[in-house]
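# Topology and contacts: notes
So you can see what is in the structure, the chains are spelled out below.
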Amino acid sequence: MSEPHIETPAEADAANARPFDRPAPEGTGTGATAPAAPGEDVLLEVDNVTLRFGGVVALNEVSFSLRKGEIFGLIGPNGAGKTTCFNAMTGVYRPTSGGIRFQGQSIVGKKKHEITRGGIARTFQNVRLFPEMTALENVMVGADAHHKTSVIAALFRLPRHHREERTGRDRSYQLLRFVGIEHRAGDVARNLSYGEQRRLEIARALATNPTLLCLDEPAAGFNPAEKADLLALIRKIRDSGVTVLLIEHDMRLVMGVTDRIVVLEFGKKIAEGTPAEVRDNPAVIAAYLGVPTDAA
Ligand SMILES: Nc1ncnc2c1ncn2[C@@H]1O[C@H](COP(=O)(O)OP(=O)(O)OP(=O)(O)O)[C@@H](O)[C@H]1O
């Protein structure tokens, strides 16, 4: 199990950003099958992105787009470039070339907290929580984003500050209930089970009120029952109006929950389509079995 670690101020800042009451996104994406046509409900566009680390080409002219309301899978063998792609989308890395647009606006060069405020939230491969804070307080770090009161108002505990704190607390509790761990609200994060910590991370990401939630291997370390629960939670998140982008190694989970999938291998996109299309694609089979494509 991953040890929770103290979040950096930049990460906390990034979690501190969006108002709760965004308008509901259009469409549910249920049954989405084809790549988005230009202008058709596109939420995020990754456009010919290349990202190099010295001599390593982590992403090589990768393009795909996400439609509003879908559950989209980003898969590929170890080292394929999936996390690098998340990092490029969330302001951790700047692409060497190419564009990334979210709701029609370029987000290349924006800071992490600006991207969070704009509506993209993420979780990480390793659990990142404030281990000594309660579950409720961890979510309130995101919910505090609503507070419009000044530092002075907070210091003097003026009524407006109290009101906003109460609203943030209520909303955070609702989010704990949404992810199924409201009974742990008062427990410090480090005492939660691994599965509960992963749910808490999702609640905290949702507290930033995202339009797009990016989950980086959320089922890592889960047993089959926990995976089934996670699958139901991902669907519930989508049904609440949040588009979901999922990196996941567990094929059964990916195939069971996504509307569309992009497959990366050595930084290149090798396939895109519905779970059934991707599963039967010889290049994908070869990538996963380690067989050269032309021999597959
Ligand atoms: N900060 C970095 N500096 C140098 N190389 C990096 C860096 N981050 C990633 N890479 C390299 O970029 C490539 C893609 O890595 P990335 O972590 O994006 O793959 P991944 O598909 O997420 O893999 P995994 O499934 O193992 O998490 C790998 O060759 C990796 O070693």
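Residues numbered from 1 in each chain as written. Predicted model: local features only at pLDDT ≥ 70, side-chain atom pairs only at ≥ 80, totals over all residues.

### Let's talk about the overall build of the chain
Within the chain, the secondary structure is distributed over eleven helices and ten strands. By residue count, 42% of the 296 residues in the chain fall in the buried class. If you take every contact in the chain between residues at least 6 apart in sequence, the share linking residues at least 24 apart comes to 70%. (Helix = DSSP H or I, 4+ residues; strand = E, 2+ residues; numbered from the N terminus. Buried ≥ 20, exposed ≤ 12 C-beta atoms within 10 Å, placed from the backbone. Contact = placed C-beta atoms within 7 Å.)

### Section: the nonpolar core
In this structure, Ala203, Leu213, Val244, Leu246 and Val263 are the most contacted members of the largest nonpolar core, which totals 68 residues. When residues are assigned to domains, this core turns out to be shared by domain 1 (23-117 + 211-248 + 260-296) and domain 2 (134-207), each giving three or more. (Core = buried A, V, L, I, M, F, W, Y, C linked by C-beta atoms within 7 Å. Domains from an automatic or database assignment.)

### Digging into the sheet that holds strand 10 (residues 268-273)
Taken in spatial order, the six strands make up an open sheet running 6-7-8-3-9-10, and their pairing is mixed. Every other strand in the sheet has two partners, leaving strand 6 (120-122) and strand 10 as the edge strands with one partner each. Averaged over all adjacent pairs, the angle separating strand axes in this sheet is 20 degrees, with direction ignored. The sheet contact formed by strand 9 (residues 260-265) and strand 10 spans five bridges and is antiparallel. (Pairing = 2+ DSSP bridges. Axes fitted to C-alpha atoms, helices over the stretch in contact; angles between N-to-C directions.)

### Looking at the site of the ligand
The environment of the ligand is formed by Phe53, Val56, Ala58, Gly76, Asn78, Gly79, Ala80, Gly81, Lys82, Thr83 and Thr84. Breaking the shell around the ligand down by element, the ones donating at least two residues are strand 2 (56-67) and helix 2 (82-89). If you tally residues by element for the shell around the ligand, the top one is helix 2, at three residues. Residues that form the shell around the ligand fall into these classes: four nonpolar, six polar and one charged. (Near = placed C-beta within 6 Å. Nonpolar A, V, L, I, M, F, W, Y, C, P; charged D, E, K, R; others polar.)

### As for unusual backbone geometry
Notably, Asn48 is not glycine yet its phi reads approximately 55 degrees, a positive angle. Mapped onto the secondary structure, Asn48 falls in strand 1 (residues 42-53). For Asn48, a count of 14 C-beta atoms within 10 Å puts it in the partly exposed group. A positive phi angle is found at Phe266, which is not glycine, with a value near 45 degrees.

### Re the pairing of strand 3 (residues 71-75)
In terms of residue burial, strand 3 counts as a mostly covered element, since five of its five residues are buried. Here strand 3 pairs with strand 9 via four bridges, running parallel. Bridge pairing links Phe72 to Arg260 in strand 9.

### Some thoughts on the confidence of the model for the chain
Scored by pLDDT, the chain has a mean of 82; 77% of the residues are at 70 or more. Long-range and interchain partners of residues 1-34, a stretch whose pLDDT sits below 50, account for 75 contacts in this model, where long-range means more than four residues apart. Across the predicted assembly, pTM comes out at 0.81 and ipTM at 0.96. (pLDDT = per-residue confidence, 0-100.)

### Things to note about the domain arrangement of the chain
One widely used convention gives an interface's size as the accessible area the parts lose upon coming together. Structurally, the chain comprises domain 1 (23-117 + 211-248 + 260-296) and domain 2 (134-207). The interface of domain 1 with domain 2 comprises six residues on the first partner and six residues on the second. Class assignment for the residues of the side of domain 1 that touches domain 2 results in four nonpolar, one polar and one charged.

### Regarding the environment of Ile270
Here Ile270 lies in strand 10. Each C-alpha atom of the pair Ile270 and Ile247 lies 16 Å from the other, and the pair is 23 residues apart in sequence. Ignoring any residue separated from it by four or fewer positions in sequence, one finds Ile270 in contact with Val263, Leu264, Glu265, Ala283, Val284 and Ala287.

### Quick word on the environment of Ile107
With respect to the element layout, Ile107 can be found in the loop between strand 5 (105-106) and helix 3 (112-118). Given 20 C-beta atoms within a 10 Å radius, Ile107 is considered buried. It is 32 Å that separates the C-alpha atoms of Ile107 and Met133, two residues lying 26 residues apart in sequence. Beyond its immediate chain neighbours, meaning those up to four positions away, Ile107 contacts Ile100, Arg101, Phe102, Ile115 and Gly118.

### Brief notes about the sheet that holds strand 4 (residues 97-102)
The strand order across the open sheet built from four strands is 2-1-4-5, with neighbouring strands paired in antiparallel fashion. Single-partner strands in this sheet number two, and they are strand 2 and strand 5. In this structure, strand 1 lies alongside strand 4, joined through five bridges in antiparallel fashion. Bridge pairing in strand 4 links Leu44 to Phe102.

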